Amino acid sequence: TAGNKIFHFGSCRISVSVTEIRSGFAAIKANIQARDPIRTLSILSYPHSLHKVKSSDRCCITYQLFNFYVDKVFKHCKTEDSYVNRKISSIANSFLSVKRKLGQCHEQNKCMCGQESTEKFKQILANYEGLNVTSAAIKSLGELDILLDWME
Amino acid sequence: SGELYCSLPNPRNVHFESINMKNVLHWSAPEGTGDGVLYKVKYSVYGVGKWIRKPECKNINRTWCDLSSETSDYEEQYYASVKAFLNGMCSDWMETTRFNPLTDTKIDPPMVIVSSTEKSISIILTAPEKWKRSPEGESISLLQVYPGLQYNVSVLNKKTKKRWLFSVSNNTLVVPWLEPGTAYCVSAQIYVTTPLLHSGFSKEYCIATLKDKTA
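Rules used throughout
- Residues numbered from 1 in each chain as written.
- Chains lettered and ligands numbered in written order.
- Predicted model: local features only at pLDDT ≥ 70, side-chain atom pairs only at ≥ 80, totals over all residues.
- Heavy atoms only, no water.
- Buried < 20%, exposed > 50% of the residue type's maximum accessible area, 1.4 Å probe, protein only.
- Helix = DSSP H or I, 4+ residues; strand = E, 2+ residues; numbered from the N terminus.
- Core = buried A, V, L, I, M, F, W, Y, C linked by side-chain atoms within 4.5 Å.
- Contact = heavy atoms within 4.5 Å.
- Buried area = accessible area lost by both parts, 1.4 Å probe.
- Salt bridge = Lys/Arg side-chain N within 4 Å of Asp/Glu carboxyl O.
- Polar contact = N/O pair within 3.5 Å; in protein donor to acceptor, adjacent residues only side chain to side chain.
- Nonpolar A, V, L, I, M, F, W, Y, C, P; charged D, E, K, R; others polar.
- Domains from an automatic or database assignment.

S.K.: Mind showing me how you'd approach helix α6 (residues 144–151) of chain A here?
M.R.: Because the α-helix completes a turn every 3.6 residues, residues three or four places apart line up on one side. For α6(A), a buried count of 8 out of 8 residues is recorded, marking the element as mostly surrounded by other parts of the structure. Listing the buried residues of α6(A) in full gives Leu144(A), Asp145(A), Ile146(A), Leu147(A), Leu148(A), Asp149(A), Trp150(A) and Met151(A).

Structure follows, in structure tokens:
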């Protein structure tokens, strides 16, 4: 469909509705980021940027991150604004379908996890667990463009 | 730091204005303050702990500050902040929203070069360059920044007013089967699908196809 993009992770090929996710995020970006007062900490970017991940580890990191967002982020991002909540659930649905596709690649051993991606993801979880759940979830959601920019 | 009681109204509408990743911080003067207000600026990289002062924008009376150099890494995101001073009084620091150079910049239209034969027009398109520190600096085309960059090209037959629209990925386009001895006007726009960005259309570049020698 229009706005879908094919991502090649070695032998794992998946289609992601990037345009839909991006426009959904763009609609709530200012609102969500304004709810995150912590400038000095990033869930995804520090201490090491995603851009430093080796290409051989990209599939596994992407797989782990989509699991992370589905399992630990979206469900803790309820706001008092129904418009924002609708956008969040639309993004969550897109993430869910990508998570399934990546899961299939993982089961077929096309999305292997090396040490670097394991370390990197451990750091992301540590950043996340360093905050209370709601703050960590809102901050992670506010960093969705960091994930998408890196993926693309 | 010698700042007295901060009761001055705050600078307003502190925001980045970015074109081709030339990232300039802009703001409006605090309400109700006439001349004589001075400002200072700081910025921070999102996720990094410290604010960094911008010396060239300390005690300035203008309401903008070029932070292109400080925000040139488009894999990072940034905040900037402004404080106002007047007659020994000061305002609070007023911050921007989180600035992502990759998604928050505007893109200029492409450069368009046209040439013609009897029955065709050739169009060469060039994407603008990313802002660079100095003219001698390395030129980076926005095509390198946005690999998915494409062009919309409009071709208008000035006689019949018929218009064609083309969408191309590479930077050359040949429009065949045109009428000899006829004026055509070309205009082009850049668009990037993700992140979703597009420039305005360029001005029109008009050219006539050569006259049919056999006629």
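S.K.: Any chance you could explain the nonpolar core here in plain terms?
M.R.: Nonpolar side chains tend toward joint burial in soluble globular proteins. Of all hydrophobic cores here, the largest spans 50 residues; its most connected members are Leu65(A), Phe68(A), Phe95(A) and Leu147(A). Among the elements of the structure, β1 (5–9), β2 (12–16), α1 (18–34), α2 (58–73), α3 (82–107), α4 (115–129), α5 (133–142) and α6 of chain A are those that each provide at least two residues to this core. Tallying contributions element by element places α2(A) first for this core, with 9 residues. Filtering out sequence-adjacent residues up to four positions away, Phe95(A) remains in contact with Ile21(A), Phe66(A), Tyr69(A), Val70(A), Phe74(A), Leu144(A) and Leu147(A). One finds Ile107(B), Tyr146(B), Tyr151(B) and Val186(B) within the second-largest nonpolar core, a separate group that totals 26 residues.

S.K.: It is not clear to me how the interface of chain A and chain B should be interpreted in this structure. Could you clarify?
M.R.: A common measure of how large an interface is: the accessible area buried when the components associate. Contacts between the two partners involve 21 residues from chain A and, on the opposite side, 18 residues from chain B. Note on chain A versus chain B: buried area summed over both sides is about 1700 Å², and carbon and sulfur give 45% of it. One can count 3 salt bridges joining chain A with chain B. Between Lys29(A) and Asp104(B) there is a salt bridge, and its shortest N-O distance comes to 3.1 Å. At the boundary of chain A and chain B, one finds 13 residue pairs in polar contact (both at pLDDT 80 or more). Put simply, the parts of the chain that give the side of chain A that touches chain B at least two residues each are α1, α5 and α6 of chain A. Examining the composition of the side of chain A that touches chain B, we find that 5 residues originate from one element, α1(A), more than from any other. Partitioned by chemical class, the residues of the side of chain A that touches chain B number 5 nonpolar, 6 polar and 10 charged.

S.K.: Any chance you could explain the domain arrangement of chain B here in plain terms?
M.R.: Residue and element names in this part refer to chain B. Segmenting chain B into domains produces domain 1 (12–104) and domain 2 (111–208). If you average the C-alpha positions of domain 1 and of domain 2, the two centres end up 35 Å apart. Each partner contributes to the interface: domain 1 provides 10 residues, whereas domain 2 provides 10 residues. Summed over both sides, the interface of domain 1 with domain 2 buries roughly 940 Å², with 61% coming from carbon and sulfur. Considering only the side of domain 1, the residues that lose the most area to domain 2 are Asn-20, Met-21 and Leu-102, jointly responsible for 47% of the buried surface there. At the boundary of domain 1 and domain 2, one finds 0 salt bridges. Where domain 1 touches domain 2, the interface holds 4 residue pairs in polar contact (both at pLDDT 80 or more). Considering every element that reaches the side of domain 1 that touches domain 2, the biggest residue donor is helix α1 (residues 101–104), with 3 residues. Here the residues of the side of domain 1 that touches domain 2 are counted per class, giving 4 nonpolar, 5 polar and 1 charged.

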